[in-house]
Amino acid sequence: MKKIFSIVLSFALLLSLASCGGNTGSTTTTTAAPQTTAAPQTTAAPQTTAAPNTTAAPATNVKVGIAMPTKDLQRWNQDGANMQQQFEAAGYQVDLQYANNDPATQVSQIENMITGGCKVLVIAAIQADSLTTALATAKAQNIPVIAYDRLIMNSDAVSYYATFDNYMVGTIQGQYIRDTLKLDTAAGPFNIELFTGDPGDNNAHFFFNGAMDVLKPYIDSGKLVVPSGQTTFDQCATQAWSTENSQSRMENLISAYYTTGTKLDAVLSSNDSVANGITNALVGSGYTKDNFPILTGQDCDITSVKNMIAGLQSMSIFKDTRTLAKQVVDMVTAIVNGTTVPVNDTKTYDNGTGIIPSYLCVPVFADINNYQSLLIDSGYYTADQLK
């Protein structure tokens, strides 16, 4: 394929590019965790200021299609804006579309990108397995596809995957609860409830498994108690990562298990939109910063960082979208130029058609002790945004 690809590029750089990652193989579980035994780095700020690696310029007027799930969540707006800025700075044309969390709309947008001349597609899927037909068209036209932060399932058209280490995200959340409660030395027992994300988002399984691999031994020993008994992924899932859905479930848990003086010590939440619903339910039930449980999150959304500063949410995983955007630009430039695409994981992510070569950025967490250096001093937010 590389030889064919090089020949095609040498005659016409604007012709459709050869797909580089349609691996096939036996199907394995999508929840298998990568090896992440090293302790997470929690104090050093991520590298966020480096410019995209664009020393080899892309072909003139190469158009990249970027399909994002929704504008309703802050992080997807930031992801889209950061990628558009960095791609355009590197000389690409960009077709950026948001699908309002509607899979049919996203399919239509991707089809339009294909007919509109996009040479590479970067897709954050709304539903992991909803794009098979549309991407079959992309593959037929030799258009490479990069799955962005959410693995696209059951499609052999997916060339690469760019994300953060999703298992490590959950691991850091579980470790934060373990260390803050001092589970290895405190007598306990401590009460905890568990929340994760949308069942259709493959990442949610990695987040949940990473956290549970840390917490389950303490649940099994009785040091951690889940009064609701809801400990499986399906029991803890939050449809569409919805704040409203998580708030409703947390309200039900409070009324059923925490109205007779039972203390809630911790809540595992896989991301900030879910954590915001949990916070709303707890505050509405009379919890204050003086008795608020440990509460995890992910994405460092402004609302959650403000809650962190106010003494409510305890922490949030920081996934700097500038870092991920830079990596995607590097990957696309390598595809366009016919050079080796940078990946650092070729074992973990099986989308049902084979292992997808992936680049995993390293997540860190922000809390009250380091948010200033991590989020403000790095230029991710201004101090005024967090007031």
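This is a predicted model, so every value here is computed, not measured.

*Asks:* Is there a simple way to think about the overall build of the protein chain in this case?
*Replies:* Along the backbone of the protein chain there are twelve helices and twelve strands. Taking all 387 residues of the protein chain together, 56% fall into the buried category. For the protein chain, restricting intrachain contacts to residue pairs at least 6 apart in sequence, the fraction spanning at least 24 positions comes to 74%.

*Asks:* Quick question: what am I supposed to make of the sheet that holds strand 9 (residues 294–295) here?
*Replies:* Backbone hydrogen bonds hold the strands of a sheet together, and the pairing may be parallel or antiparallel. Read across the open sheet, the four strands follow the order 7-6-8-9; overall the sheet is parallel. Two strands bound the open sheet, and with one partner strand each, they are strand 7 (224–225) and strand 9. Summarising the sheet, strand 6 (residues 190–195) and strand 8 (residues 266–269) pair through four bridges and their orientation is parallel. The residue bridging I192 from the neighbouring strand is A266, located in strand 8.

*Asks:* It is not clear to me how the pairing of strand 10 (residues 315–318) should be interpreted in this structure. Could you clarify?
*Replies:* In summary, the side chains of a regular strand alternate between the two faces of the sheet. Of the two faces of strand 10, the one carrying M315 and I317 and the one carrying S316 and F318 are both buried. Bridging between strand 10 and strand 12 (residues 364–367) involves four bridges; their strand directions are antiparallel. Pairing of M315 across the sheet is with D367, part of strand 12.

*Asks:* I keep staring at the nonpolar core and nothing clicks. Help me out?
*Replies:* Residues L224 and M250 are the most contacted members of the largest nonpolar core, which totals 47 residues. A per-element tally of this core places helix 6 (residues 202–221) first, with nine residues. If near-sequence neighbours (up to four positions away) are discounted, M250 is found in contact with F195, L264, I278, A281 and L282. Ranked by size, the runner-up nonpolar core spans 31 residues in total, among them Y92, Y98, V122 and V328.

*Asks:* What is the right way to look at empty space enclosed by the protein in this model?
*Replies:* The probe, sized like a water molecule, is rolled over the atoms to show the empty space still left. What the rule picks out here adds up to two cavities of 30 Å³ or more. Surrounding the largest cavity, 13 residues form its lining, R75, R150, D201, W241 and D299 being those nearest its centre. Mapped by element, the contributors of at least two residues to the lining of the largest cavity are helix 2 (74–89) and helix 6. Here the residues of the lining of the largest cavity are counted per class, giving four nonpolar, three polar and six charged. Its boundaries defined by the atoms lining it, the second largest cavity holds a volume of some 40 Å³. As for the second largest cavity, its lining consists of R75, Q78, D299, K319, T321 and Y380. A class-by-class count of the residues in the lining of the second largest cavity yields one nonpolar, two polar and three charged.

*Asks:* Before we go on, may I ask you to explain the packing of aromatic side chains in this structure?
*Replies:* Centre distance and the angle of the planes are the two values used to describe a pair of aromatic rings. What the rule picks out here adds up to eight aromatic pairs. Centroid distance F208 to F233: 5.9 Å. Interplanar angle 75°. Geometry classified as edge-to-face. With a gap of 25 residues between them, F208 in helix 6 and F233 in helix 7 (residues 233–236) connect regions that are remote in the sequence. Each member of the pair, F208 as well as F233, carries the same accessibility label: buried. Arranged with centres 5.0 Å apart and planes meeting at 70°, the rings of Y380 and Y381 form a pair that is edge-to-face. When sorted by exposure, Y380 lands in the same class as Y381, which is buried. Taken together, Y161, F206 and Y349 form an aromatic cluster joined through their ring pairs. For R75, the ring lying beneath its charged end belongs to W76, and the centroid distance is 4.0 Å. Residue placement shows R249 over the ring face of F195; its charged tip is 4.2 Å from the ring centre.

*Asks:* Sorry, what's going on with the environment of D299 here?
*Replies:* Here D299 is to be found in the loop between strand 9 and helix 10 (302–309). Considered as a pair, D299 and K319 are 20 residues apart in the sequence and their alpha carbons are 5.9 Å apart. In this structure D299 touches R75, N271, D272, S316, I317 and K319, once residues within four positions along its chain are discounted.

*Asks:* Looking at this structure, how should I read the confidence of the model for the protein chain?
*Replies:* Residues shown with low pLDDT carry predicted positions that ought not to be read at fine detail. Across the protein chain, the average pLDDT comes to 86, with 84% of residues at 70 or higher. Overall, residues 1–55 carries pLDDT values under 50, and its contacts beyond four positions in sequence, including any with other chains, amount to 100 contacts.

*Asks:* What is the right way to read helix 10 from this model?
*Replies:* Note that an α-helix has 3.6 residues per turn; residues three or four places apart therefore point the same way. Within helix 10, burial applies to S304, V305, N307 and M308. Along the axis of helix 10, the buried residues cluster in a sector spanning 155°; they form a single face. Directly after helix 10, the chain includes G311, whose backbone phi takes a positive value near 90°.

*Asks:* Help me understand unusual backbone geometry in this model?
*Replies:* For residues other than glycine, phi is negative in most cases, and the peptide bonds are mostly trans. That bond from G188 to P189 is cis: its omega, 0°, falls within 30 degrees of zero. Non-glycine residue C300 carries a positive phi angle of around 50°. Mapped onto the secondary structure, C300 falls in the loop between strand 9 and helix 10. You can call C300 buried: its relative accessible area is 0%.

Basis of the calculations
Residues numbered from 1 in each chain as written. Predicted model: local features only at pLDDT ≥ 70, side-chain atom pairs only at ≥ 80, totals over all residues. Heavy atoms only, no water. Helix = DSSP H or I, 4+ residues; strand = E, 2+ residues; numbered from the N terminus. Buried < 20%, exposed > 50% of the residue type's maximum accessible area, 1.4 Å probe, protein only. Contact = heavy atoms within 4.5 Å. Pairing = 2+ DSSP bridges. Core = buried A, V, L, I, M, F, W, Y, C linked by side-chain atoms within 4.5 Å. 1 Å grid on protein atoms, 1.4 Å probe; cavity = no way out; pocket = protein on both sides within 12 Å on 5 of 7 lines; lining within 4 Å. Points joined across faces, edges and corners; volume = space filled by probe spheres on them. Nonpolar A, V, L, I, M, F, W, Y, C, P; charged D, E, K, R; others polar. Phe/Tyr/Trp six-rings, centres within 6.5 Å; stacked < 30°, edge-to-face > 60°. Lys NZ or Arg CZ within 6 Å of the ring centre and 35° of its normal. pLDDT = per-residue confidence, 0-100. Arc of directions from axis to C-beta.

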